[in-house]
Amino acid sequence: MNSILLSAFFVLIGQLSMAQDDLTKENWELVTTDSIFSKPYVDIEEWRDEPIRHRYVHGGFEGNDTKFSFYFPEKENYKGRFFQYITPVPDNENLSQNNEGGEADKISFAISRGAYFIETNGGGTDAGVMAPDPTIGAYKANAAVAQYSKQKAAEIYGEHRTYGYAFGGSGGAYRTVGGAENTRGVWDGVVPFVLGSPMAIPNVFSVRMHAMRVLQHKLPQIVDALEQGGSGDMYAGLNEEEKAALKEVTQMGFPIAAWFNYKNMGIHAFPAIYGGMRMADGAYFTDFWTKPGYLGADKPESLAKDRLQEKAVIQKIITKKVAYEMGLELGDNPGEARGSADSAWRNLDTKADTIPIAFQLATKLPEVQFLGGELMVLSGSQTGKELVAKAIDGNLVILGMSDPTVSSQLKEGDEVQIDNSNYLAAQTYHRHQVPGPEYPVWDQFRDNDGNPKFPQRPMLIGPLFTQSTVGSLPAGKFDGKMILLGSLWDTEAYPWQSDWYRDRIKEQLGDSIDDKFRIYFTDHANHADFANPGDPTHFVSYLGVLQQALLDLSAWVEKGIEPPKNTVYKVVDGQVLLPSTAEERKGIQPIINLQVNGSKRADIKSGEKVNFIATVELPESTGKIVSAAWDFEGEGTFPIKSDVDGSESSISLKVEHSYSKPGTYFATLRIAAQRDGDTETPFTLIRNLDRVRIVVQ
């Protein structure tokens, strides 16, 4: 079972009684004499040279399953601090040993900046479904490890004040915030990134899935309108249902520029969350089709063309080995890309070759937009059981996270039914989860008197998921200092949610908020904390922003050096909007204004030269520009480099290019800045890009 599913189920099975008064409990402080963390042990301690020279220490605590890894720099390089990575869900203490290298190498970054690096398994089995204390996985295991690391650092370097900083993204951002809000004396500062809100799950996925279904044939024209040099009118050519779906998802906060990636977007973590929805509110999936006020009962014709309820007979059982022999590519490989902000939701189990991952049916399935559903067993030894159907393709059904004790017992000739009714129902669940006024993106579902337009469910399940991860609901009251990072193109943690948490902090700190808190948004960044987060002509990595935030945080805490000013922004109808100039926007990201022949679009003849002019500016005192690379053909290779030496904080660039073949091209300029103008380091590179359209006749 996927570990994010386990984390979510803390509340949904056995933890629903966790009271809201947890918010008022005194912050937890480790007392070693009576704690389950009173007996730490070390089972490995040795010097290693890869990926950078360090003293590796591995261990845990007697009597529980918490494990840790420490990576200490050589004494002459140590500056009295640690950086601790908080994974999205309790995972493995050695995750960062298996990274992309370069910019994504957390161990080398920490050690090269005078910090030792910490990673834990978040409590291991003690953070599981039946854990008597869910706060172990939420924050206690991470906090206990951090405290013990200070003792170990004193043994290695001598007695000293050890400064500690935690950072985590997505579910790890929740857990980082939970640690800051619920402990005392552990961390001096934290950097949560791509943070959701208590109402994120499942609503950010349901509204997106609804739009993906209704707009499935219109997304290409929507993307064209939104791209540089497009009409700018994304509603042009849509019927009323399509306009309504696009407006709904936009006002809920889906970043409209990110629609360009619709072919690769999928439904992300929803399959891991869906089981929890059914356990918490199973009646919804019947009410949706039968009761007034729900889309399935009121307008079934809207769903009919995409609803699948098809019976068929299993013709062939497909394991991973069989799939390989058949030359089938059945999607994400179980076990890959663990522990990152973007991929911790994936199936973490490595299935044996004897376990089915797909079935070939005797008949071809109807063609519908299938985002997921159930495979219900109608005959044989497993009659009445269900499996998760992740995708369909002709006469193939690809399984998702399913019980192998059921799937392995199915036989050729067994009758099954493929049904996506529940997945269709889930797509408008957010309409029936209207929270309080602190969530204005839900105002579209309230009438003029402020009452919900649609029937409401007995409970809001988003806060239950959040509480299972954080240990309590975020209240904005924390020890130490914080720098919060959001991504403007984040399709999983909609950007407005960073502002939601800032509002909670403002409620606690009032006008003194800037004494403890900063918020930065990264344009063209998505949810993924990868060095290569996707299409390089659209996306930039935010890893450099994260690394610089950790350094700025440590300087703020240790030396009183204030970080750069907050990104200036406003939230309008769910969208986070930023000023267009560096002087107005502030924050720490460079700003680019690229034009072709004086505009965002040029219509030319083949062979005709075009002129590209760009101005690049950095917010005050945030660094120097260290690289500028061009991609004129839209291939993502950026073969043309402008001469940049790292000495300037603003530059102007001019280049010429010609196109020999007719077609539509998007030229992209990518910029990187670095605080000290270092053109060699792989770390702390703050990136941005801009694009223009060239239509060649």
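Now for a description of the structure that goes with this document. Note that this is a predicted model, so its numbers are computed, not measured. (Residues numbered from 1 in each chain as written. Predicted model: local features only at pLDDT ≥ 70, side-chain atom pairs only at ≥ 80, totals over all residues. Heavy atoms only, no water.)

Next up on the list: the overall build of the protein chain. Secondary structure summary: the protein chain contains 19 helices and 25 strands in total. Since a compact globule built from 697 residues should have a radius of gyration of about 26 Å, the 26 Å found for the protein chain is in line with a globular shape. Reported as C-alpha extents along the three principal axes, the dimensions of the protein chain are approximately 75 × 70 × 60 Å. Of all 697 residues assigned to the protein chain, the portion counted as buried reaches 60%. In the protein chain, of all internal contacts separated by at least 6 residues, the share reaching a separation of at least 24 is 74%. Just so you have it, the protein chain exposes about 27,600 Å², and 47% of that area is on carbon and sulfur atoms. With 68 positive and 92 negative side-chain charges, the protein chain shows a spacing of 1 Å between the two charge centroids. (Helix = DSSP H or I, 4+ residues; strand = E, 2+ residues; numbered from the N terminus. Rg over C-alpha atoms; globule rule 2.2 N^0.38 Å. Buried < 20%, exposed > 50% of the residue type's maximum accessible area, 1.4 Å probe, protein only. Contact = heavy atoms within 4.5 Å. Areas by Shrake-Rupley, 256 points an atom, 1.4 Å probe, with all protein chains shown as cover. Lys, Arg positive; Asp, Glu negative; His and termini not counted. Charge placed at Lys NZ, Arg CZ, Asp CG, Glu CD.)

For the rest of this paragraph, the subject is the sheet that holds strand β20 (residues 609-617). Note: strands within a sheet are paired through backbone hydrogen bonds, in either parallel or antiparallel orientation. Reading across from one edge, β18-β20-β23 is the order of the 3 strands in this open sheet, with antiparallel pairing throughout. Pairing within the sheet leaves two strands with one partner each, and these edge strands are β18 (591-596) and β23 (650-658). Here the average twist between neighbouring strands, direction ignored, is 15 degrees. Inspection of the sheet shows β20 paired to β23 by 9 bridges, in the antiparallel sense. Across the sheet, Lys609 pairs through a bridge with Ser658, a residue of β23. (Pairing = 2+ DSSP bridges. Axes fitted to C-alpha atoms, helices over the stretch in contact; angles between N-to-C directions.)

Taken in spatial order, the 9 strands make up an open sheet running β1-β2-β3-β5-β4-β6-β7-β14-β15, and their pairing is mixed. A single partner strand is all that each edge strand has here, and the edge strands are β1 (40-48) and β15 (517-522). Shown here is a sheet whose adjacent strand axes are inclined to one another by a mean of 15 degrees, direction ignored. In the packing of helix α3 (residues 135-157) onto the sheet, the strands contacted are β1, β2 (54-61), β3 (67-72), β4 (81-85) and β5 (115-120), and the crossing angle to β3 comes to about 40 degrees.

Applying the stated rule across the entire model yields 33 salt bridges. A salt bridge links Glu227 to Arg691, with the shortest nitrogen-to-oxygen separation between them at 3.0 Å. Remark: Arg691 occurs in strand β25 (residues 686-696) and Glu227 occurs in the loop between α6 (219-226) and α7 (240-251); sequence separation between them is 464 residues. Grouping residues by exposure puts Glu227 and Arg691 together as buried. In this structure, the salt-bridge partner of Arg601 is Asp603, at a minimum N-O distance of 3.1 Å. We classify Asp603 as partly exposed; its relative accessible area is 47%. Residues participating in the shared-partner salt-bridge network are Glu45, Arg55, Lys152 and Glu155. (Salt bridge = Lys/Arg side-chain N within 4 Å of Asp/Glu carboxyl O.)

A separate point is the nonpolar core. By size, the foremost hydrophobic cluster in this structure holds 103 residues, and its most contacted members are Trp259, Phe270, Trp442 and Tyr501. Excluding anything up to four places from it in sequence, Phe270 contacts Pro202, Phe205, Met209, Met277, Tyr423 and Ala426. Tyr85, Ala104, Tyr520 and Phe683 belong to the second largest nonpolar core, which has 33 residues in total. (Core = buried A, V, L, I, M, F, W, Y, C linked by side-chain atoms within 4.5 Å.)

What follows concerns the pairing of β4. Most of β4 is tucked away, with 5 of its 5 residues classed as buried. As paired strands, β4 and β5 are joined by 5 bridges and run parallel to one another. If you follow Gln84 over to β5, its bridge partner there is Ile118. A crossover links β4 with its parallel partner β5, the connecting element being helix α2 (residues 106-112), and its sense is right-handed. Inspection of the sheet shows β4 paired to strand β6 (residues 163-169) by 5 bridges, in the parallel sense. The residue bridging Tyr85 from the neighbouring strand is Phe167, located in β6. (Right-handed = clockwise from strand over helix to strand, strands pointing away.)

Glancing now at the environment of Ala614. With respect to the helices, strands and loops of the structure, Ala614 is situated in strand β20. Judged by relative accessible area, which is 0%, Ala614 ranks as buried. The spacing of Ala614 and Val655 is 41 residues in sequence and 9.0 Å in space, taken between C-alpha atoms. If near-sequence neighbours (up to four positions away) are discounted, Ala614 is found in contact with Asn593, Leu594, Trp630, Ile651, Ser652, Leu653 and Leu669.

Of the consecutive residues Glu50 and Pro51, the connecting peptide bond is found in the cis state with omega at 0 degrees. As for its placement among the helices and strands, Pro51 is situated in the loop between β1 and β2. Omega for the bond connecting Ile201 with Pro202 falls within 30 degrees of zero, at 0 degrees, which places this linkage in the cis form. The residue Pro202 is located in the loop between β7 (189-193) and α5 (203-214) in this model. We note that Val194 has phi near 45 degrees; this positive angle belongs to a residue other than glycine. Within the fold, Val194 resides in the loop between β7 and α5. Exposure remark for Val194: the relative accessible area of 2% places this residue in the buried category.

Purely spatial values, then, with no claim about function.
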